[in-house]
Amino acid sequence: MAGLGISDLRPPGTIYRVDKRTKHPSGEVRFETEQDSKREDARRAHGLSRTIAKGILDPDEEARARRLQVDLETAARTGEYAPTLACHLYMRWLRICIAGHLWKLMRTTRRHTTATIILRSWEFSPDALWDVDPRKLLTAFRTDLYRAGIRNVDGWLFAYLHGEFDPIAKVYRLHLHIALTKSMVPVLDRIRAVGNYKSTRLLPDGSPSPVFRRVWIRRKPLINMPEPVTYVVQSFWPARPIHIDEQGRRSRLRQKGAIREPYHSQVLLWLDRWKVEDLTLMVGLRVTKAGLIRTRRRL
């Protein structure tokens, strides 16, 4: 009998509801409201309609796009949503459940941090995105973790696959946002020195690398909780242009923008193919009726 998956998580208790406890004196911590998500789903439906009207989709993609457009229009109008990762309302629900339970774990262990990993080989052109299988990407990442010795480490790690679009290079850069116990940090430190994880200013062909730091681990204490855990699982892919000048110096806009059509519709159609479990990797964790529990020795 199959066990429970991430999509089976229910909201945690009120104390860990990330949509209700996001106030901070700085005013920087915020979680989207239901109305925010409805507006975003309406925008996504409109973008799909524009992409469909251009006649650039093949018959199968167009059929999926028309069905998804209806689903998003329904979510925006009624608040009733289909369980698709392309729907902002559905992602809002998943984020409430997942981030809330991660927050609960972090509050009980007290020794935790976050990380971001951008593998060099996880960069795909618009023509290649459709054929990307996130399950294969995560399986390869898990293999790398085990080669680095994670099997013998107590603690837990939760990783979620995210993406952003570079409108200058015209590529999607897929990457991982991670919450983990600090006992797992040495494992990430070991993989950062090899292969796709190694930071380098030049690519193998001698051209400037658009991303220098491939593995970023937060060393300082987490602040503004629960913002760090809501960041691990995000509800949209942003546009992030990376400029490289003639001297090879790179600059990356810090502010996230919306991906323009038809590229954003392409992201939605890709997300619509997968379940949240397909974009999630857990080590030392298991989903139960009570939420996320550790499967390794308590730290």
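Read on for a plain summary of the structure. In this numbering scheme, every chain counts its residues from 1 along its sequence in written order. With the structure being a predicted model, the display of local features is reserved for residues of pLDDT at least 70 and the display and counting of side-chain atom pairs for 80 or more, all residues being used for whole-chain, interface and lining totals. Heavy atoms from the whole structure form the basis of all side-chain values; hydrogens and water molecules are not counted.

## Digging into the overall build of the protein chain
- Put simply, DSSP marks the helices as runs of H or I at least four residues long and the strands as runs of E at least two long, and each gets a number from the N terminus on. In terms of regular secondary structure, the protein chain is built from 8 helices and 10 strands.
- Per-residue accessibility takes into account occlusion by the displayed protein chains alone, with areas from the Shrake-Rupley method and a 1.4 Å probe. Just so you have it, the protein chain exposes about 15,000 Å², and 50% of that area is on carbon and sulfur atoms.

## Describing the side chain of Asp 19
- The topology assignment puts Asp 19 in the segment before helix H1 (34–53).
- Here Asp 19 falls in the buried class, since its relative accessible area comes to 18%.
- A polar side-chain atom of Asp 19 sits 2.8 Å from a polar atom in the side chain of Arg 17.
- Residues count as neighbours in contact if any of their non-hydrogen atoms are within 4.5 Å of one another. When sequence neighbours within four positions are dropped, the list of residues in contact with Asp 19 reads Phe 31, Arg 92 and Ile 96. When accessible area is computed with a 1.4 Å probe and restricted to protein chains, residues below 20% of their type maximum are described as buried, those above 50% as exposed, and intermediate ones as partly exposed. Polar contacts, as used here, are pairs of N or O atoms within 3.5 Å; protein pairs need one atom able to donate a hydrogen and one able to accept it. Residues neighboring in sequence count only if both atoms are side-chain atoms.

## What to know about the pattern of salt bridges
- For salt bridges, the criterion is a side-chain nitrogen of Lys or Arg within 4 Å of an Asp or Glu carboxyl oxygen. Scanning the model with the defined rule gives 18 salt bridges in all.
- Arg 64 is paired through a salt bridge with Asp 272; the nearest N and O atoms lie 2.8 Å apart. Here the residue Arg 64 occupies a position in helix H2 (residues 59–78), and Asp 272 occupies one in the loop between helix H8 (263–271) and strand E8 (280–283), the gap between them amounting to 208 residues.
- What makes Arg 64 partly exposed here is its relative accessible area of 26%.

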